[in-house]
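Coordinates in review
Listed below, chain by chain, are the residues.
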Amino acid sequence: MAMIQCQTPDDVMRVISEKGIAFIDFKFSDPFGQWQHLTIPTHEFGLHSFENGIPFDGSSIRGWKGIQESDMLLIPDPKTAFIDPFIEEPTLSLICDVVDPITKEPYSRDTRQIAKKALEFLRSKGIGDIAYFGPEAEFFIFDDIRFSSGPNHSYYQVDSEEGWWNTAREENPNLGYKIPYKRGYFPVSPLDKTHHIRMDMVKTLEEVGITVEREHHEVATAGQGEINFRFSDIIGSGDNILKYKYVLRNVGYRYGKFVTFMPKPLAGDNGSGMHCHFSIWKDGQNLFAGNGYGGLSEIALYAIGGIIKHAKAICAFSNPTTNSYHRLVPGFEAPVRLAYSARNRSAAIRIPVGEASPKAKRIEVRFPDASSNPYLTFTALLMAAIDGIENKIHPGEPLDKDIYSLPPEELANVPQTPGSLQEAIDALKEDNEFLLKGDVMDMDFINMWIETKQAEQDAIRLIPHPKEFELYFDV
């Protein structure tokens with residue numbers, strides 16, 4: 001299947017005609033980063049659809065407003081068009097913005113529109129005209145996943161033919177080649193049993209317009225992997241992460257596998273993060289390039305200062321699940337220390353130093369994970385960076401020492417990411433003004449987010465954990 005490129009509505013109509021497209025699929029994100037969709041026959045679609053939009057009832061979308069404000073419009077973005085590789089009938093997919101059907105104003109809870117407002121705010125301040133993000137979302141490919149919870153039981157179980165726990169499983173015959181815990185980084189086959197699946201994922205990503213740079217097995221046992229793709233602007237990278245997750249899940253499903261972006265599905269092994277490479281540009285110049293530490297500019301250091309200052313509140317969006325905080329613990333290469341460094345991968349912000357070109361200068365924010373909505377993660381990072389630049393918040397000295405060998409008195413001076421979703425929620429309650437500037441977010445959205453995440457936190461608190469029975473059953 002060949003990749004298509006569209007810039008205008010006319011381009012889309014031409015592709016529909018040339019490719020014999022039978023259906024148009026409209027995809028949009030709910031507040032929590034889950035793609036939703038609706039489909040219409042091609043005869044119901046035309047140039048007018050880009051102006052007038054596609055009406056739909058949004059009252060049942062999680063996190064959106066109630067039935068009294070249910071009518072909404074989807075406005076397709078012609079630049080996002082791709083031929084959907086997972087629908088049997090010839091189908092063109094378009095990613096959409098959500099607007100009010102009466103005023104045609106952006107819907108305040110549409111996270112793609114929130115990211116657009118963040119970019120407009122950056123431009124309005126005269127700081128820069130584009131923000132680039134290069135996210136690296138890790139994942140697991142499992143053979144089987146089961147879970148259940150009730151008044152008298154709770155359990156989960158995942159499995160993988162690579163899993164180190166299967167060294168003694170009856171496999172008729174068991175040929176070994178299981179990956180030990182924390183030793184999954186770059187092994188060749190037959191240890192790497194998911195390489196062919198990842199290669200199929202790469203081919204499919206390229207077909208839908210995502211330029212892939214590399215793929216490899218990741219550190220953990222049981223099919224952990226990573227596929228890196230070319231960076232883009234804040235909207236393009238948000239679109240691409242959702243497209244990436246859609247492709248990986250569906251390719252995995254073709255092979256009878258389950259792909260998860262859950263941050264910490266395995267106890268005692270590495271979790272999955274979404275490191276975010278980030279830079280701000282103006283008039284074709286990289287504002288993060290300079291002569292300072294790691295080849296960074298003063299503006300870049302101020303951006304780091306803003307991100308570190310607001311990191312705990314950012315985590316409410318970038319690490320928005322209770323499971324996120326099973327990953328953000330010391331000892332598993334987790335970037336829990338709110339500091340910056342050119343070498344230290346346990347620092348929350350790393351400065352990549354492998355490329356000398358000023359165009360390549362960027363910061364790598366390492367604490368986010370792919371359970372997040374990418375539009376919100378990128379927005380929160382950008383707004384914090386703008387706050388740092390405007391207020392000249394210097395991040396202090398870099399932390400180039402081995403964090404795990406620091407004496408306790410020195411470590412006490414290095415702040416840490418939140419230890420729980422509750423801590424991140426509480427931080428967002430206290431620190432949200434930087435997100436409200438330029439009407440990028442409003443308190444209605446932030447309050448909805450806090451209420452939803454508090455309900456998730458409370459749901460976990462109400463249920464006994466299986467480990468508690470091991471620890472306390474005979475008390």
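Parameters and conventions
Numbering of residues starts from 1 in every chain and runs along the sequence as written. Note on the predicted model: pLDDT of at least 70 is required for a residue's local features to be given, and 80 or more for side-chain atom pairs to be given and counted; whole-chain, interface and lining totals, by contrast, use all residues. To obtain the side-chain values, all non-hydrogen atoms of the structure were used and water was disregarded. Throughout this description, buried means an accessible area under 20% of the type-specific maximum (1.4 Å probe, protein chains only), exposed means over 50%, and partly exposed covers the range between. Here a helix means four or more residues in a row that DSSP labels H or I, a strand means two or more in a row labelled E, and each is numbered from the N terminus. Of all possible arcs, the one meant is that of the directions from the helix axis to the C-beta atoms. Two residues qualify as a contact provided that any one of their heavy atoms is within 4.5 Å of a heavy atom in the partner residue. What counts as a salt bridge is simple: a side-chain nitrogen of Lys or Arg found within 4 Å of a carboxyl oxygen of Asp or Glu. Working definition: a disulfide is two cysteine sulfur atoms within 2.5 Å of each other. Note on aromatic contacts: the rings of Phe and Tyr and the six-membered ring of Trp form a pair at centre separations within 6.5 Å, being stacked when their planes are under 30 degrees apart, edge-to-face when over 60 apart, and tilted otherwise. Put simply, a charge is over a ring when the Lys NZ or the Arg CZ is close to the ring centre, within 6 Å, and near the line of the ring normal, within 35 degrees.

**Describing helix H10 (residues 421-430)**
Along an α-helix, residues three or four apart share an orientation, since each turn contains 3.6 residues. Regarding H10, the residues found buried are Leu421, Ala424, Ile425, Ala427 and Leu428. One side of H10 holds all its buried residues, which, seen down the axis, span an arc of 160 degrees. Where the residues of H10 are buried, they touch helix H6 (298-318), helix H7 (324-327), helix H11 (433-436) and helix H12 (443-461).

**What to know about the pattern of salt bridges**
The full count for this structure, using the stated rule, is 27 salt bridges. Its salt-bridge partner being aspartate 77, residue arginine 112 comes within 3.0 Å of it at the nearest N-O pair. One end of the pair, arginine 112, is in helix H3 (residues 111-124); the other, aspartate 77, is in the loop between strand E4 (71-76) and strand E5 (82-83), and 35 residues separate them in sequence. The exposure classification of arginine 112 matches that of aspartate 77, with both residues buried. The residue lysine 453 makes a salt bridge to glutamate 456 at a minimum N-O spacing of 3.1 Å. Of this pair, lysine 453 and glutamate 456 both sit in helix H12, separated by three residues, roughly a single helical turn.

**Considerations on the state of the cysteines**
Counting across every chain of the model gives zero disulfides. Here cysteine 6 is not cross-linked by a disulfide; its sulfur's nearest cysteine counterpart is in cysteine 96, at 14 Å. The thiol of cysteine 315 is not disulfide-bonded; the next cysteine sulfur, from cysteine 276, is found 11 Å away. Cysteine 315 gets classed as buried once you look at its relative accessible area, which sits at 0%.

**Quick look at the packing of aromatic side chains**
Each aromatic ring pair is specified by the distance between its two centres and by the angle formed by the two planes. Counted according to the given criterion, the structure contains 24 aromatic pairs. Ring geometry for tyrosine 132 against phenylalanine 231: centres 5.2 Å apart, planes inclined by 80 degrees, an arrangement best described as edge-to-face. Residue tyrosine 132 is located in strand E7 (residues 130-142), and its partner phenylalanine 231 is located in the loop between strand E11 (224-229) and strand E12 (232-233); the two are separated by 99 residues in the primary sequence. According to the relative accessible area criterion, tyrosine 132 is partly exposed, its value standing at 22%. You can call phenylalanine 231 partly exposed: its relative accessible area is 47%. Measuring from centroid to centroid gives 5.6 Å for tyrosine 132 and tryptophan 281, while their planes differ by 90 degrees, and the two rings are edge-to-face. Of this pair, tyrosine 132 sits in strand E7 while tryptophan 281 sits in strand E14 (residues 274-282), and the two are 149 residues apart along the sequence. On the accessibility criterion, tryptophan 281 (11% relative accessible area) is buried. Taken together through their ring pairs, the aromatic side chains of Phe28, Phe56, Trp64 and Tyr107 make up a single cluster. Over the face of the ring belonging to tryptophan 35 we find lysine 27, whose NZ or CZ atom lies 5.9 Å from the ring centre. Taking the ring centre of phenylalanine 261 as reference, the NZ or CZ of lysine 245 above it sits at 5.3 Å.

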